[in-house]
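As a plain string of letters, each chain reads:
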Amino acid sequence: MKSTTIRKQFIDYFQQELNHEFVPSAPVIPQNDPTLLFINAGMNQFKSYFLGESEPKFKRAVNSQKCIRVSGKHNDLEEVGKDNYHHTFFEMLGNWSFGDYYKPEAIEWAWKLLTEIYGIDKNRLYATVYKNDDESYDLWKKISGLPKNRILRYGEKDNFWDMGAIGPCGPCSEIHYYRGDDVKNQDPTKVNADDPNYIELWNLVFIQYNRDKNNKLTPLPKKHVDTGAGLERLAATLNNKLSNYETDLFSPIIDKIADISKVKYNKNKSGIPHRVIADHLRMLAFSIGDGAFPSNEGRGYVLRRVLRRAARFGIKLNVHEPFIYKLVPTLIDTIGEAFPEIINRQKHIQQVIKSEEKSFGLTLDKGLEIFEDIANKVKKNNNKIIQGADVFKLYDTFGFPVDLTNMLAEEKQLKINMNSFNNLMKKQKEMARSKSKFGTVKTLTLEETLEMTEKIESKKTQNSKFIGYNNFTSESNLLKQIQLDKDFYLVFDQTPFYPESGGQAGDKGEIIISGKKYFIIDTQKRNDDILHKIKSKLKISQNINPVKLIVDKENRLGSARNHTATHLLQAALREVLGDHVHQSGSFVSSKYLRFDFTHYEKIKEKDLDKILNLVNQKIIKNIPVEPKTEKYKNAIQNGVIALFGEKYSDNVRSIKVGDFSYELCGGTHVKYTGEIGPFIIKSESGVASGIRRIEAITGKRSIDSLLKYNKILTELSYIMDSPISKIASKVENVFKHRRTLKKTINRLRKKLIGYSVDEYIKSPIKINGHNLYLNIVEVNSIDELKNIGDKVREKLKSSVAIFGTVLNSTPQVLCIVTDDLVKEGINAGKIVGMIGKKLGGGGGGRPHMAIAGGKKPELLEKIISSIKEDNNIKKLL
RNA sequence: GGGGAAUUAGCUCAGUUGGGAGAGCAUCUCGAUGGCAUCGAGGGGGUCAACGGUUCGAGCCCGUUAUUCUCCA
């Protein structure tokens, strides 16, 4: 059975027969949850329903959620590929009840789907329930007819589910499958015992309690069902495969890897590289497709590590060139039908992977060089062992994989000290752990935040309504007040304040409570609550409703100008550069706009001019900006630009600017493009490979900036005595002229010095059998002083010359020694060292030329002239 | 969040007791050989990432910041 069929049957069963809403998979990159690196379970996108923070729009749902797990107890990245079932990326099939059906239906439907639709042999199935969940136990007995020894009870570890230390939780019931050969002699004690023949297929979670901080369980008013079945494992089971990698989700990819590397796939240990690469490819393609990007921190760093691990296994297959990106089309063949987003972004995904593979190549090259140095040193000292510290540094600082170091060492008949390496590694881990305990400010989890929420009115599920598209003020009622760390937030039933989202900064403004004015300095969104951040500390303990909310209009209009301008910019970019331009980050405030987008090279000046022109043309045409609420499907059909990786609901808001721009957007905009004012690009730069950034200003800011430049230009034109249009070429000429003048002066001064040099070497003093010249000279710079020294050295033999000068009221002394005397051991550096000390400073340099400086210019002449009497210095001459 | 590194000409990089900013490639000019280009001579190109400190003097030492690389959590 094809995996596509399995997925489809699952969804169809719940959607068509059982009236579930099909909810498309959320992007693997969490949208509003900074604590989560990747979506790692089907329930992530429904979390707020279980927490009671928002109201679901439907009571039953079915989905196949893309999940990524790269860390955690049960999924160490380094383990993936060694066995047949660990993955970094997998799909979780699930059906959901939000306060609707419960255990009887969930159990019955799961059983029917598995046995009747998928046709799994009942004699291979087991059900597990929580130790005191008699209700589920009885249901299983009744519905499945399974004998007693196939319905098993387990404790907290296996059959109780929670989201965290506090919050919603409940018992769960799992369905396990025996896939061994001896159906008649099964052993129920091997369920939940890590036996590869007894595997978990499906987990049904029954959420019925809320656990508070005292560990007390109180029944929830509404009970929920949350189930999860891994598609990969289901596909393996239904096709009688022992390994997920032998299903049609993986085998085409593995074949392609074998094809590229010319290394056949092997089911046993030697097939690890194929499995790793196939698994990691899926993770990379989906996370990049959903908007992640390899980088050196946070989520991006996880991507980078996964990619490098795949590349490293590529090297094991003797592939030394970028190749992972070549597998993307094959991946799309296996799974693109279910997740068309990777088809739409194929080019982007491939380009990102390829460039990252290349950059890993550079890291390896660099590491190789350093390894050669280290190896040479070891060999030079007749050693056979590379120190652990060196191996560690290679790995820690330069990212050179240890297994490669080992391989290279062996080629050179060297060994590496793994013990010492492991110790250093251990130390680094300990340090990171101990430091992070003290170093971090505690961030509150969602559940803790919930605990801290004081509810003025009991209607917990009532959320704030945004009414600010056309209003700047409102009369509102306070719903909640929230304190997070040191910040205070208020939530109202309705508000004209726009909360930060879609890259637009949150509104600022005022709030009037019982005649007293408070400032709101930011507005944020959490789930369906709009949080107004209040400047001062404020605790409200009595009913103060209604209150008056007033948005800072100028600030809002500034944001609106920049927001509409951003839409025009994106449309212009696509028109000038091409359709590959996708938004990959955007920030809009009253001050400026910042737009990040996919593009693979620096934008040419010519194109930038075109873009500027196009946007400003659209502005002066004063086109009406039309917001509209419409069906998502219709909007998409009409060619709306949607954000990639963003999840939209059925009814969406779109913004249309004539026939030029049409985007999904919840932000605030101007009514006519003319309000935007001049659009000026402040900078165009690269953010990461494949991503460019444009920063621009509009409205009052751009007008101010234009006026300012104009003023400066007018001034310049006056000073330069030249029309504005000619200033540039005139300045260029002046600089050119200045350069030639400078050169001429330098040449002349050098010549002059050449003449004056003879002055300085007229009267030698005989000392220790050679000549000493002492002089006070006049120069403009240290360079000139050194020039004199050069000239003198060229002319003299067996001489030492010491020249003093005062530059910017600091005394400087130059000493030169001719080559023959340098050979005799006379050292200019030592000589000036002593003179420098006398001047209240110091000195040094090279044996043939050195400089000293000090703080006492008035002593200079005396010191220079007294050198011939100074016995300490004479010793050096 | 913590550690280790890097940042010098358009590119790749060198530059140690702190005392003249360099090489190769690229570019421009001139010349020779002579034709899938090679060689020679010369030139242009640098706020040595930014800021602060120490010092008579900082590319170099110290501190802060930024960016990038890298490992750990």
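Above this text sits the structure in question.
Just so it is clear, the model here is predicted, and its values are computed rather than measured.

Basis of the calculations
Residues numbered from 1 in each chain as written. Chains lettered and ligands numbered in written order. Predicted model: local features only at pLDDT ≥ 70, side-chain atom pairs only at ≥ 80, totals over all residues. Heavy atoms only, no water. Salt bridge = Lys/Arg side-chain N within 4 Å of Asp/Glu carboxyl O. Helix = DSSP H or I, 4+ residues; strand = E, 2+ residues; numbered from the N terminus. Buried < 20%, exposed > 50% of the residue type's maximum accessible area, 1.4 Å probe, protein only. Axes fitted to C-alpha atoms, helices over the stretch in contact; angles between N-to-C directions. Parallel < 35°, antiparallel > 145°, perpendicular 65-115°, else oblique. Left-handed = near helix turned anticlockwise from the far one by under 90°. Contact = heavy atoms within 4.5 Å. Nonpolar A, V, L, I, M, F, W, Y, C, P; charged D, E, K, R; others polar. Pairing = 2+ DSSP bridges. Patch = residues over 30% accessible without salt bridge, like charges linked within 9 Å, V, L, I, M, F, W, Y side chains within 5 Å. Areas by Shrake-Rupley, 256 points an atom, 1.4 Å probe, with all protein chains shown as cover. Lys, Arg positive; Asp, Glu negative; His and termini not counted. Charge placed at Lys NZ, Arg CZ, Asp CG, Glu CD. Near = heavy atom within 4 Å. Polar contact = N/O pair within 3.5 Å; in protein donor to acceptor, adjacent residues only side chain to side chain. Core = buried A, V, L, I, M, F, W, Y, C linked by side-chain atoms within 4.5 Å. Phe/Tyr/Trp six-rings, centres within 6.5 Å; stacked < 30°, edge-to-face > 60°. Lys NZ or Arg CZ within 6 Å of the ring centre and 35° of its normal.

Draft legend 1. How the structure looks around the pattern of salt bridges. In the structure shown here, the tally under the stated rule is 28 salt bridges. Glu135 serves as the salt-bridge partner of Lys103, at 3.1 Å between the closest nitrogen and oxygen. Of this pair, Lys103 sits in helix H3 (residues 103-117) while Glu135 sits in helix H4 (residues 134-144), and the two are 32 residues apart along the sequence. The exposure class of Lys103 is buried, given its relative accessible area of 2%. Glu156 is the salt-bridge partner of Lys131, the closest N and O atoms lying 3.5 Å from each other. Placement of Lys131 in the loop between strand S4 (125-130) and H4 and of Glu156 in helix H5 (residues 156-159) is noted, with a sequence separation of 25 residues between them. A relative accessible area of 44% places Lys131 in the partly exposed class. If you follow the salt bridges from partner to partner, you end up with Lys66, Asp290 and Glu341 in one network.

Draft legend 2. Here's a closer look at the packing of helix H7 (residues 251-261) against helix H8 (residues 272-289). Where H7 contacts H8, the two axes come as close as 9 Å, and the packing angle between them is 120°. Taken together, the axes of H7 and H8 lie oblique to each other. Seen from above, H7 lies across H8 with right-handed handedness. Each of Ile253, Ile254, Ile257, Ala258 and Ser261 in H7 lies in contact with H8, whose residues at this interface are His274, Ile277, Ala278, Leu281 and Arg282. Broken down by class, the residue content of the contact of H7 with H8 amounts to seven nonpolar, two polar and one charged.

Draft legend 3. Quick peek at the sheet that holds strand S26 (residues 661-664). Taken together, three strands build an open sheet; the order of strands is S24-S25-S26 and the sheet is antiparallel. Each of the sheet's edge strands pairs with one partner strand only, and the pair in question is strand S24 (625-631) and S26. On average, adjacent strands in this sheet sit at an angle of 25° to one another, irrespective of strand direction. When S24 meets strand S25 (residues 651-657), the two strands line up antiparallel, connected through seven bridges. The residue of S25 that forms the bridge with Glu626 is Lys656. Against the sheet, helix H17 (residues 553-577) touches S24, S25 and S26, its axis set at about 115° to S26.

Draft legend 4. Up close: the environment of Gln637. Following the sequence through the fold, Gln637 ends up in helix H19 (residues 632-637). A relative accessible area of 68% means that Gln637 is categorised as exposed. In the structure, Gln637 is positioned 224 residues away from Gln413 in sequence and 65 Å away in space, judged by C-alpha atoms.

Draft legend 5. Spotlight on a positive patch on the surface. There is a patch of like positive charges on the surface, built from Lys256, Lys326, Lys354 and Lys358. By the element assignment, Lys358 lies in helix H12 (residues 346-380).

Draft legend 6. Focus on the environment of Phe360. When you line up the elements, Phe360 lands in helix H12. Classification of Phe360 as buried rests on a relative accessible area of 3%. When the C-alpha atoms of Phe360 and Lys377 are compared, they prove to be 26 Å apart, with 17 residues separating the residues in sequence. Leave out the neighbours within four places in its chain, and Phe360 touches Arg308, Ala311, Arg312 and Pro401.

Draft legend 7. Examining the protein's contact with RNA strand B more closely. Taken together, 34 residues surround RNA strand B, and among them Tyr301, Arg304, Arg308, Lys786 and Asp790 come closest. Of all atoms in RNA strand B that approach within 4 Å of the protein, 64% are sugar or phosphate atoms. The separation between a sugar or linking oxygen of RNA strand B and a polar side-chain atom of Thr397 is 2.6 Å. For RNA strand B, a base nitrogen lies 3.4 Å from a polar atom in the backbone of Gly845. Among the elements of the structure, helix H9 (298-316), helix H13 (388-396), helix H15 (418-439), helix H21 (724-760), helix H22 (782-795), strand S33 (842-845) and strand S34 (849-853) are those that each provide at least two residues to the surface near RNA strand B. Of all the elements, H15 adds the most residues to the surface near RNA strand B, at seven residues. Considered class by class, the residues forming the surface near RNA strand B number seven nonpolar, 16 polar and 11 charged.

Draft legend 8. Geometry of the nonpolar core. Phe14, Tyr118, Trp140, Trp202, Met283, Ile353 and Ile386 are the most contacted members of the largest nonpolar core, which totals 110 residues. Leave out the neighbours within four places in its chain, and Ile386 touches Phe371, Ile374, Val378, Val391, Ala409, Leu414, Lys415, Ile416 and Asn417. If you look at the next biggest cluster of nonpolar residues, it comprises 30 residues, including Val581, Leu593, Ile655 and Val670.

Draft legend 9. Geometry of the packing of aromatic side chains. Applying the stated criterion to the full structure yields 27 aromatic pairs. Seen in terms of ring centroids, Phe286 and Phe339 are 5.6 Å apart; in terms of plane orientation they differ by 85°. Their pairing is edge-to-face. On the criterion of sequence distance, the pair formed by Phe286 in helix H8 and Phe339 in the loop between helix H10 (328-335) and helix H11 (341-344) is long-range, its members being 53 residues apart. Here Phe286 falls in the buried class, since its relative accessible area comes to 0%. An aromatic cluster of at least three residues, connected via ring pairs, comprises Phe10, Tyr13, Phe14, Tyr101, Trp109 and Trp202. Between Lys618 and the ring centre of Phe660, over which it is positioned, the NZ or CZ distance is 4.6 Å. Directly above the ring of Tyr469 sits Arg653, whose terminal nitrogen or CZ lies 3.4 Å from the centroid.

Draft legend 10. Main features of the packing of H7 against H10. Running from amino to carboxyl end, H7 crosses H10 at an angle of 160°, the nearest separation of the two axes being 9 Å. As the angle between them shows, H7 and H10 are arranged roughly antiparallel. In this structure, H7 meets H10 at a crossing whose hand is right-handed. From H7, Pro252, Ile253 and Lys256 reach across to H10, where they touch Thr330, Leu331 and Thr334.

Draft legend 11. The sheet that holds strand S32 (residues 810-817), seen in detail. The six strands lie next to each other as S29-S30-S31-S32-S34-S33, forming an open sheet whose pairing is mixed. Two strands bound the open sheet, and with one partner strand each, they are strand S29 (765-767) and S33. For this sheet the average axis-to-axis angle between neighbouring strands, irrespective of direction, equals 20°. With six bridges connecting them, strand S30 (residues 770-776) and strand S31 (residues 799-807) associate as parallel partners. By the bridge assignment for S31, Asn771 is matched with Ser799. Most of the contacts of H22 go to S32, to which it runs at about 20°, and overall it touches S31, S32 and S34.

Geometry only, nothing functional implied.
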